[in-house]
Amino acid sequence: MQQRPTRIHPTAIVDDGATIGAGTKIWHHTHIRSTASVGVECVIGKNVYVDAGVVIGDGCKIQNNVSIYRGVTVEDRVFVGPSVVFTNDLLPRAGAAHWEVVPTVVRTGSSIGANATIICGVTIGLGAMVGAGSVVTQSVPDYTLVKGNPARASGLVCVCGRHVDSATVAQECSHETRER
């Protein structure tokens, strides 16, 4: 299969040293910093900030106004809703001479709802779903739906995002929408 060409809007800034995969679309006023890596066939929405060293896998959809700071790894086929923010320092201070980047991982196939805040140091599991407006302060298990502030488990989801009764079913989705 032939991949589509990469498209970068003229108002977007892609710093030298950033890697952008084939078929990826980068929209208005987005800034991709040097040493960031964006995979193939991604959509990076308007006004997104991708910091230096961030890794975004293949087939991801990053909606408008998202901030992804250094230390974040987003694996393949992840959906990040509008205005999601990732943090990267547990003890931020404006004048601090020393700060420590705390890694965050968003695993393959997961989804993060609009306006969620992801506190650094967590892993959002395979196929997991974070509800809109949630504040994630702890790691999210595979195929688990979390919501609230702080985010708490609220059930299981299958790979297509529907509620299910068991982890086995979550990994073996049989819904018609499975192949998106």
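Data block above holds the structure.
Residues numbered from 1 in each chain as written. Predicted model: local features only at pLDDT ≥ 70, side-chain atom pairs only at ≥ 80, totals over all residues. Heavy atoms only, no water.

Asker: So what about the overall build of the protein chain? Which residues, and what values?
Answerer: Of the regular secondary structure elements, the protein chain holds one helix and 23 strands. Taking 180 residues into account, the globule formula puts the C-alpha radius of gyration at 16 Å, and the protein chain, at 16 Å, falls close to it. Oriented by its inertia axes, the alpha-carbon framework of the protein chain measures out at about 45 × 45 × 20 Å. For the protein chain, with 180 residues in total, the buried portion stands at 37%. Sequence-distant contacts, at least 24 apart, represent 15% of the contacts inside the protein chain between residues at least 6 apart. Of the accessible surface of the protein chain, which amounts to about 9400 Å², a share of 50% is contributed by carbon and sulfur atoms. The centroid of the 15 positive side-chain charges in the protein chain is displaced by 7 Å from the centroid of its 14 negative side-chain charges. (Helix = DSSP H or I, 4+ residues; strand = E, 2+ residues; numbered from the N terminus. Rg over C-alpha atoms; globule rule 2.2 N^0.38 Å. Buried < 20%, exposed > 50% of the residue type's maximum accessible area, 1.4 Å probe, protein only. Contact = heavy atoms within 4.5 Å. Areas by Shrake-Rupley, 256 points an atom, 1.4 Å probe, with all protein chains shown as cover. Lys, Arg positive; Asp, Glu negative; His and termini not counted. Charge placed at Lys NZ, Arg CZ, Asp CG, Glu CD.)

Asker: Before we move on, could you go through the nonpolar core and cite the residues and values that matter?
Answerer: The biggest cluster of nonpolar side chains holds 33 residues, and the ones touching the most others in it are Ile44, Ile56, Phe86, Ile112 and Ile118. Setting aside anything within four residues of it in sequence, one finds isoleucine 56 in contact with Ser37, Val38, Gly39, Cys42, Ile44, Val50, Ile68 and Val74. (Core = buried A, V, L, I, M, F, W, Y, C linked by side-chain atoms within 4.5 Å.)

Asker: Quick one: what's the story with the packing of aromatic side chains, residue by residue and with numbers?
Answerer: Counting across every chain of the model gives one aromatic pair. Ring centres of tyrosine 49 and tyrosine 69 lie 5.6 Å apart, and the angle between their planes is 50°; on these two criteria the pair is classed as tilted. Residue tyrosine 49 is located in strand β8 (residues 49-50), and its partner tyrosine 69 is located in the loop between β11 (67-68) and β12 (72-74); the two are separated by 20 residues in the primary sequence. With a relative accessible area of 30%, tyrosine 69 lands in the partly exposed category. (Phe/Tyr/Trp six-rings, centres within 6.5 Å; stacked < 30°, edge-to-face > 60°.)

Asker: Can you explain the sheet that holds strand β9 (residues 55-56)? Please cite residues and give values.
Answerer: Reading across from one edge, β3-β6-β9-β12-β15-β18 is the order of the six strands in this open sheet, with parallel pairing throughout. Edge strands, defined here as strands with exactly one partner in the open sheet, are β3 (19-20) and β18 (123-124). (Pairing = 2+ DSSP bridges.)

Asker: How would you sum up the pattern of salt bridges? Please name residues and give values.
Answerer: Close approach of charged atoms lets side chains of opposite charge pair. Applying the stated criterion across every chain, the model contains five salt bridges. The salt bridge partner of glutamate 41 is arginine 4, with a shortest N-O separation of 2.5 Å. Note that glutamate 41 is positioned in the loop between β6 (37-38) and β7 (43-44) and arginine 4 in the segment before β1 (7-8), a separation of 37 residues in sequence. Residue glutamate 41 is classed as partly exposed on the basis of its relative accessible area of 23%. Residue aspartate 51 pairs with arginine 70 through a salt bridge whose shortest N-O separation is 3.9 Å. Here aspartate 51, found in the loop between β8 and β9, pairs with arginine 70, found in the loop between β11 and β12; they are 19 residues apart in sequence, far enough to count as distant. Taking relative accessible area as the criterion, arginine 70 reaches 34% and is therefore assigned partly exposed. (Salt bridge = Lys/Arg side-chain N within 4 Å of Asp/Glu carboxyl O.)

Asker: Let's hear about the side chain of aspartate 51: which residues, and what values?
Answerer: Residue class for aspartate 51 comes out buried when judged on its relative accessible area of 7%. A polar contact is formed between the side chain of aspartate 51 and the side chain of arginine 33, at a distance of 3.2 Å. A polar atom in the side chain of aspartate 51 sits 3.2 Å from the backbone nitrogen of arginine 70. (Polar contact = N/O pair within 3.5 Å; in protein donor to acceptor, adjacent residues only side chain to side chain.)

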